[in-house]
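# Architecture and fold: a report
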Amino acid sequence: MRDDAEHKADSAAAEVGARQCRDAAGVTLVEEFVANAEAVGCHVYRGTGPDIEGAGVSTALYGLADTGSVVLAAAPDEPRSRSLLPDVHVTMLAEDRILPGLDELFATLGADLPSALAIVTGPSRSADIEQKLAVGVHGPREVHVVLLPSA
Amino acid sequence: MAELAQPPRRFREIARVKLADAHIQTALDDSTDRLRTHRLHAWSDLPEVQELRQRAHEIRMSVIDDLDGHVERFTAALSARGGNVYFARTAEEASEYVANVCRRRGAKLAAKSKSMVSEEIGLNQALEAVGTQAIETDLGEYILQLAGEHPVHIVAPAIEKTAEDVAELLSAVRGKRIPPHLEELTNAARTQLRETFLNADVGITGVNFAVSETGSICLCTNEGNGRLVSSIPPVHVAIMGMERLVPTTADLAVLLKLLARSGTGQKLTVYTTLLTGPRRAGETDGPEELHVVILDNGRTNLLRGRYREMLACIRCGACLNVCPVYRKTGGAAYSDVYSGPMGAVLLPLLVGLQHAPSLPHASSLCGACTEACPVKIPLHELLLDLRRDLVAEGVASWAERVSFWLWSWAWSRPFGYRASTALARLGQPLAGLVGPGRAWARVRALPRLGRRYRDRR
């Protein structure tokens, strides 16, 4: 017999997303996001970020745990170039805005999309010269993600 | 112009040159091996990969079943967002439209991000004719443009170039010697192309996918050039094959999960950009004008036949990396644009078998391409079907048709079969001395024929 509390916890987890339920090790979306973002070459901070001169600072609409991506939507106060032209890109991401992955992102966004939605997964890179990885080809060489804890 | 139709001996002649080049053989081995291994790792890290492939196949085929409807819905949705959509029946119509946009804007400089379709329609030459210089900004494509060459791989266009080659090409741009070190080469290209992004009057991109429900186009790049080209210049022109459409963003998610994993082994490309119309009120950057050119160029001819599955291709390049033929010849032998198994199927369909008669034969029919295809196109079966068409349409050579007719006549009769094996045993000592047997025997032993089938050694 399962008690009520346990049942409630289960359905709450189901609402957060299939991805989190499947995770037997109890890894949360935030932890998964951090691991994957670092794996693709992002620097991740919690609370306060670095103070880097000349960095472009953006606010991410969502984060994707599955891929370690930040999702940026163009808006009057979120110009595209801020995360594109400077050498260093710092982006602020609220922890409760981290979604499991692409499926949940598009389900959440619905059909009303911004003029430009950029799903950014790590710093700019290329392997066009002798198949060797070079970082910072046209876009930012460094991507810093600052996680803002939920209030 | 990048010529899709080709002389009959192109494949053989270029392949011979590439096979004799030790550097190119090493480069091909290394890069295709690396890309293939990365894909296999990425696929094995995704438990649901087989279901996703099936789902992706179904999504792509559902679009092909109702392609006109999808083009219509996409056009309506993007127009409602202020974008311009132009449907081009031919390569010429597409180039002309883009050239007209450039002429109207008085564009001197166009920044281009990687687009196979723009190669297919020979866009750069058309732009030159109206006084617009088009500069490729994908690092690999930029290198090739400087060298005056064409891409040899869908996702790794310049795999045949060494760091020394690249250093020489980049040094010539500013007349300043750049050492052949990866970091310095990358920095030099970054500096040279940054000016292009900032000064371009028009940005031109391809399209990886377009969503018919929302009127969005999706660009996948790693370097960031796709995002720059579609964000900084005042006009953005995107060119897409008409089969790039997917119904919804949920379907897009399925394909995005497969595209980068199959191409380079990444979960997603660094920049996956979804654009829905031009800059909106209050926004401080982004293009004022967005044009999407939807290209037919022979694609509707495929809709109703047994080759329609080829329209499902998402241009990931996975089939190239596993093909025993591509891995030796490289891409140039196939055409200036598409290559490998997908190219060997697509090119004859786009330009007609008589203009690409050797391509259906550029395969061992081993099926590795079919196994690697994320959207489950039966590539090797399509190649075999194309060979049948070569015979049926009378494109196959007289000698080929007669020998296969004789072979099938003899081997469908016990007497003929026995006679042929007896002759083969008699001729055995000569086999290593002439023709293909000689080439084979130079490095390996020929199989020995026994009296009966089971006695073969």
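So, how was this worked out
- Every chain begins its residue count from 1, and numbering advances along the sequence as written.
- A letter from A marks each chain and a number from 1 marks each ligand, given out in the order of writing.
- Per-residue local features of the predicted model are confined to residues with pLDDT of at least 70, and side-chain atom pairs are confined, for both listing and counting, to 80 or more; whole-chain, interface and lining totals are unaffected and use all residues.
- A run of DSSP states H or I qualifies as a helix once it reaches four residues; a run of E qualifies as a strand once it reaches two. Both are numbered from the N-terminal end.
- For every residue, the other C-beta atoms within 10 Å of its own C-beta are counted; 20 or more classify it as buried, 12 or fewer as exposed, and values in between as partly exposed. C-beta atoms are placed from the backbone.
- We call two residues in contact when their backbone-placed C-beta atoms lie within 7 Å.
- Strand pairing requires that DSSP identify at least two bridges connecting the strands.
- Angles run from 0 to 180 degrees between N-to-C directions of axes, and those axes are lines fitted to C-alpha atoms, restricted for helices to the stretch in contact.
- The split of the chain into domains comes from an automatic or database domain assignment.
- Note on terminology: a nonpolar core is any set of buried Ala, Val, Leu, Ile, Met, Phe, Trp, Tyr and Cys residues joined through C-beta atoms within 7 Å.
- Note on scores: pLDDT gives the predictor's confidence for each residue, bounded by 0 and 100.
- Just so you know how the angles are binned, under 35 degrees is roughly parallel, over 145 roughly antiparallel, 65 to 115 roughly perpendicular, and the rest oblique.
- Each crossing gets its hand from how the near helix is turned against the far one by less than a right angle, where anticlockwise is left-handed and clockwise is right-handed.
- Polarity classes work like this: nonpolar for Ala, Val, Leu, Ile, Met, Phe, Trp, Tyr, Cys and Pro, charged for Asp, Glu, Lys and Arg, and polar for all others, with Gly in that last group.

Once that is clear, we can look at the overall build of chain A. Counting its regular elements, chain A contains four helices and 10 strands. Scanning chain A from its N terminus toward the C terminus, one meets helices and strands in the order α-α-α-β-β-β-β-β-β-α-β-β-β-β. Counting all 151 residues of chain A, 45% fall into the buried class. In chain A, 72% of the contacts between residues at least 6 apart in sequence involve partners at least 24 apart.

A separate point is the sheet that holds strand S5 (residues 88-94) of chain A. All names here are of chain A. Pairing is parallel across the open sheet formed by four strands, whose spatial order is S1-S10-S5-S2. Two strands lie at the open edges of the sheet, namely strand S1 (43-46) and strand S2 (56-59), each paired on one side alone. Mean inter-strand twist for the sheet, computed between neighbouring axes without regard to direction, equals 20 degrees. When S2 meets S5, the two strands line up parallel, connected through four bridges. Bridge pairing in S5 places Thr 59 opposite Met 92.

Before going further, it helps to spend a moment on the environment of B:Cys369. Relative to the elements of secondary structure, B:Cys369 occurs in helix H16 (residues 368-372). Measuring from C-alpha to C-alpha, the distance between B:Cys369 and B:Ser230 comes to 33 Å, with 139 residues separating the pair along the chain.

Often the size quoted for an interface is simply the accessible area lost on bringing the parts together. Each side of the interface is counted separately: chain B has 53 residues, and chain A has 35 residues. Contributions of two or more residues to the side of chain B that touches chain A are made by helix H2 (22-44), helix H8 (139-147), helix H9 (163-174), helix H10 (182-199), helix H11 (225-229), helix H12 (249-263) and strand S9 (271-275) of chain B. Pairing of strand S7 (residues 116-120) of chain A with S9(B) involves five bridges; the strand directions are antiparallel. Its bridge partner being in S9(B), A:Ala118 is matched across the sheet by B:Thr273.

Turning to the sheet that holds strand S8 (residues 245-246) of chain B, a few remarks are in order. Within the open sheet, the eight strands sit side by side as S6(A)-S3(A)-S4(A)-S7(A)-S9(B)-S6(B)-S5(B)-S8(B). Their pairing is mixed. This sheet does not close on itself; its edge strands, each paired only once, are strand S6 (98-99) of chain A together with S8 of chain B. Sitting on the sheet, H12(B) is in contact with strand S5 (209-211), strand S6 (216-221), S8 and S9 of chain B, with an inclination near 170 degrees to S5(B).

In terms of domains, chain B is made up of domain 1 (10-295) and domain 2 (398-455). On a C-alpha basis, the centroid separation for the pair domain 1 of chain B and domain 2 of chain B is 48 Å.

We now examine the nonpolar core. Grouped together as the largest cluster of nonpolar side chains are 165 residues, with contacts concentrated most on A:Val71, B:Val98, B:Leu255, B:Val293, B:Leu295, B:Cys319 and B:Val345. When residues no more than four places from it in sequence are discounted, the contact partners of B:Leu295 are B:Ala88, B:Ala94, B:Val117, B:Ile121, B:Ile239, B:Met240, B:Gly241 and B:Met242.

Bringing the confidence of the model for chain A into the picture now. A low pLDDT means the predicted coordinates there should not be read in detail. Summary statistics for chain A give a mean pLDDT of 86 and a share of 82% for residues scoring 70 or more. Contacts of residues 1-22 of chain A to residues separated by more than four positions or lying in other chains number 12 contacts, the stretch itself having pLDDT below 50.

Residue and element names in this part refer to chain B. At a minimum axis distance of 10 Å, the contact between helix H3 (residues 49-65) and H12 shows a crossing angle of 125 degrees. Looking at the two axes, H3 sits oblique to H12. In this structure, the crossing between H3 and H12 has a hand that is left-handed. Where H3 abuts H12, its residues Leu 52, Arg 53, Arg 55, Ala 56 and Ile 59 lie against Asp 251, Val 254, Leu 255, Lys 257 and Leu 258. For the contact of H3 with H12, the residue count by class is six nonpolar, no polar and four charged.

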